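One letter stands for each residue in the lines below.
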Number of protein chains: 2
Amino acid sequence: MSRPALVGRTGLTRSAIRGLIGELVAGGLVSEGRARPPRHAGPAVPARAPEPQGAVVLAFDIEVDSLAVAGSGSAARPRPRPSRPAARPLQPRGDRRRPRRARLDDPRPTADGGRLIGDEVGVGVAVAGVVRRADGLVSMAPNLGWKDEPLGARLANALGDDVPIAVANEAELGGLAEARRGVARGADHVLFISGEVGVGGGLLVDGRPFAGVAGYGGEVGHFPVNPAGRTCSCGSLGCWETEVGALSLLRRAGRSERGGRLEMDALLRGAAAGEPDALGALEETGRWIGIGLAGLVNVLNPSLVVFGGLFQRVIHSSPRSSRPSWIVGRYRRLDGSSASWRALSEAEAPLIGAAELALEPVLADPSAWLRRSADSSETRKLAVRRVVA
Amino acid sequence: MSRPALVGRTGLTRSAIRGLIGELVAGGLVSEGRARPPRHAGPAVPARAPEPQGAVVLAFDIEVDSLAVAGSGSAARPRPRPSRPAARPLQPRGDRRRPRRARLDDPRPTADGGRLIGDEVGVGVAVAGVVRRADGLVSMAPNLGWKDEPLGARLANALGDDVPIAVANEAELGGLAEARRGVARGADHVLFISGEVGVGGGLLVDGRPFAGVAGYGGEVGHFPVNPAGRTCSCGSLGCWETEVGALSLLRRAGRSERGGRLEMDALLRGAAAGEPDALGALEETGRWIGIGLAGLVNVLNPSLVVFGGLFQRVIHSSPRSSRPSWIVGRYRRLDGSSASWRALSEAEAPLIGAAELALEPVLADPSAWLRRSADSSETRKLAVRRVVA
């Protein structure tokens, strides 16, 4: 953007812009170059652009059956590295005898044996569980077998106190990703619903993430819809998750709940080919999605509902021309509420959200961040390398 | 408050305070007097106080079985006038052959035949239905028998376009009342749940009312909890309202659903005296309250849940020493979420909320409001008298 354009957009004076940009350029967050004004044939003018590698964060996505890592710059989309699918399938409920522990204080080499990136300024972590935002305590992640797991504290021990670490629920971060870089850009009140083995949600109020007083909000998988239903992994009876999660879809189609992603892929291929068992399972699951969605829309009246994760794959695997009708047809639309099926991919959304979360301190006040980071960068680089290399 | 105290609280200069206060005194919103500083034995100092009758609003509360009216000044609690209980009892579901129409464009004299107040600057209306805030359309008030009722437009026709009219859901306004003048003062994220024949809710996010994109949010009575339950007055199956509303409580106790408030009073007296039928009905209703509350707290993680309306009376009629335990004992408390039973009274809360809503334009920008009102006050007074006198 040229300096006159910056003056016009911000309302600041030319000299204020010059001072601020100078600070950002000196800190490596912004680079200077030449750009041709759009729709003008004139000569190129001096322009400033965010420096993609000016502030780089590490983003993690901890799912039940996979762990994904990405590096992301302040002006770039995260570039996911090949994630390592877990050899173990989706963990069936009831098999809780040996809950696995987080191993982040016992780091192991990455698959390719090398370091990921060298200049991380923050770490964002998406996890499929209930997270207290203040300190990254995962109070409950039943599908991972975690309870009161101090993930934030463990990461801080491993990476050093000077690397800001932010942990949040993966569906909440999926919602943040949609709001910043996906279909929900510009929408004010957004409900993001993401289904996998567990079902989570993210809520944006006036464009900002809302997670309640302790960051525990958005647990849409755990509101009760069926008192005659199954016991949920959280201990309650008939949570929405027990009717619309991945395991119930597999069970309804007569497939093994232990089959993991391969079994789910086979189910969705079957539905696309018109197999009655698969279509019946989708139909019944869709009925329950509609029941829960009606309740959420009645309470929250969002301007946009975005379906992510497994719901994305289910919808795009449906053979019907009017794909979403079996879901949205079942709830009474309220003024201003609409639904979107064009979410970011299942693999991308939580990672992008985790990167946005980690970048927030930089973007909120770049000058303050540059001052803080000047002191601690050397020790931080060493600490990050110790863990990821 | 003395002028030095105002300077200290606002950070404005003495001359700015002098100018602003002068404007408010001239407009009649603030009066000048003398006050003794607290904890000081010194002489009284000049002080300014809000003028209770400086801006007076009319507040209405339209319930299923009653209509209440109050006048309220900008610094006073509304003073409810004796409300006229409807001769007709709570309307049973199913008796929908002749939906009653709003009669507000066909005004009748008040009970005492006189005018209410003379200088109303706005009208706030609480109604037990789903309301679009932009224009006061009551899109659905099944317990009143209303559907797509343009209440705001009808009131504007009757009162004249120059009287600001604000219509909102009565439970939402109950929540606003709790936040401004009740137990929720100072709390950030508040969920207010009010039960009568219908069950409604109000949500405050960061201290401000949140009702979604079109003002339809907070309809906590209409999220589905029991697919094997009854058809709700809204047309859906097994809404929370069908399990925790007044009619289900009467039915469970073996009492007539048409019995209205007298029957409910008898039920609650019975519970206080230890009648098994009444206690069993409270126990079962409490179980359903807990089920729904768990879901709402999981989604919203409020700092405070306030129970109003019938729930207040139920709790305070319970004979047990640990009154709320049969409700809150059933949901897993999350960090920072607590429940309060010390709400404003059933009769007061929606009226206070309606008054606060009507006063909002005055309090948000008193100077602008004074300028606007200078022109239109004479015609407005006439119009208001035409309707209420």
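Residues numbered from 1 in each chain as written. Chains lettered and ligands numbered in written order. Predicted model: local features only at pLDDT ≥ 70, side-chain atom pairs only at ≥ 80, totals over all residues. Heavy atoms only, no water.

A. Representation of the overall build of chain A in the model. The helix and strand inventory of chain A stands at 12 helices and 16 strands. When the 389 residues of chain A are sorted by exposure, 54% land in the buried category. A fraction of 64% describes how many contacts in chain A between residues 6 or more apart in sequence connect residues 24 or more apart. A total of about 16800 Å² of accessible surface is found on chain A, and carbon and sulfur atoms cover 53% of it. (Helix = DSSP H or I, 4+ residues; strand = E, 2+ residues; numbered from the N terminus. Buried < 20%, exposed > 50% of the residue type's maximum accessible area, 1.4 Å probe, protein only. Contact = heavy atoms within 4.5 Å. Areas by Shrake-Rupley, 256 points an atom, 1.4 Å probe, with all protein chains shown as cover.)

B. Spotlight on the pairing of strand β9 (residues 137–141) of chain B. Residue and element names in this part refer to chain B. Most of β9 sits out of view: 5 of its 5 residues are buried. By the bridge criterion, 3 bridges tie strand β8 (residues 130–132) to β9 in an arrangement that is antiparallel. Looking at the pairing, V130 lines up with M140 of β9. Relative to strand β10 (residues 146–149), β9 runs antiparallel, the two sharing 3 bridges. Each residue of the ladder has a partner; that of A141, found in β10, is W146. Hairpin connection from β9 to β10: 4 residues lie between these consecutive antiparallel strands, with G145 at a positive phi of about 80°. (Pairing = 2+ DSSP bridges.)

C. The arrangement of the sheet that holds β10 of chain B in detail. All names here are of chain B. In spatial order, the strands read β8-β9-β10; together these 3 strands make up an open sheet with antiparallel pairing. Each edge of the sheet is formed by a strand with only one pairing partner; in this case those strands are β8 and β10. With strand direction ignored, the average angle separating the axes of adjacent strands in the sheet is 20°. (Axes fitted to C-alpha atoms, helices over the stretch in contact; angles between N-to-C directions.)

D. Representation of the interface of chain A and chain B in the model. Contact with chain A, which involves 42 residues of that partner, is made by 41 residues of chain B. Summed over both partners, the interface of chain A with chain B comes to about 3100 Å²; 64% of that surface belongs to carbon and sulfur atoms. Where chain A meets chain B, there are 0 salt bridges. Put simply, chain A and chain B have 4 residue pairs in polar contact (both at pLDDT 80 or more) between them. Sorting the residues of the side of chain A that touches chain B by element identifies β14 (208–210) and α8 (276–300) of chain A as the ones contributing at least two each. (Buried area = accessible area lost by both parts, 1.4 Å probe. Salt bridge = Lys/Arg side-chain N within 4 Å of Asp/Glu carboxyl O. Polar contact = N/O pair within 3.5 Å; in protein donor to acceptor, adjacent residues only side chain to side chain.)

E. The arrangement of the sheet that holds strand β10 (residues 146–149) of chain A in detail. All names here are of chain A. Ordered by their spatial adjacency, 3 strands build an open sheet running β8-β9-β10, and the pairing between neighbours is antiparallel. What marks the edges here is a single partner per strand, and that holds for β8 (130–132) and β10. Put simply, the sheet's adjacent strands are angled 20° from each other on average, direction ignored.

F. Inspection of the relation of the copies chain A and chain B at higher detail. Its rotation angle being 180°, the transformation that places chain A on chain B also includes 0.0 Å of axial translation and leaves an RMSD of 0.1 Å. Such a combination of turn and shift is consistent with a two-fold rotation axis. Among all C-alpha atoms of chain A, that of V225 of chain A lies closest to the rotation axis, at 2.3 Å. Interface overlap between copies is the fraction of interface residues in one copy that are interface residues in the other; for chain A against chain B it reaches 98%, indicating a shared surface. (Least-squares fit on C-alpha atoms with pLDDT ≥ 70 in both.)

G. Here's a closer look at the environment of A358 of chain B. Residues and elements named next belong to chain B. Mapped onto the secondary structure, A358 falls in helix α11 (residues 349–364). Taking the relative accessible area as the measure of exposure, A358 reaches 7% and is therefore buried. Dropping the residues within four chain positions of it, A358 is found in contact with V57, G122, V123 and G124.

H. Examining the environment of G195 of chain A more closely. All names here are of chain A. Looking at where G195 falls in the secondary structure, it is placed in strand β12 (residues 190–195). Separated by 115 residues in sequence, G195 and L310 place their C-alpha atoms 5.1 Å apart. Residue contacts for G195: discarding those within four places in its chain leaves G308, G309, L310 and F311.

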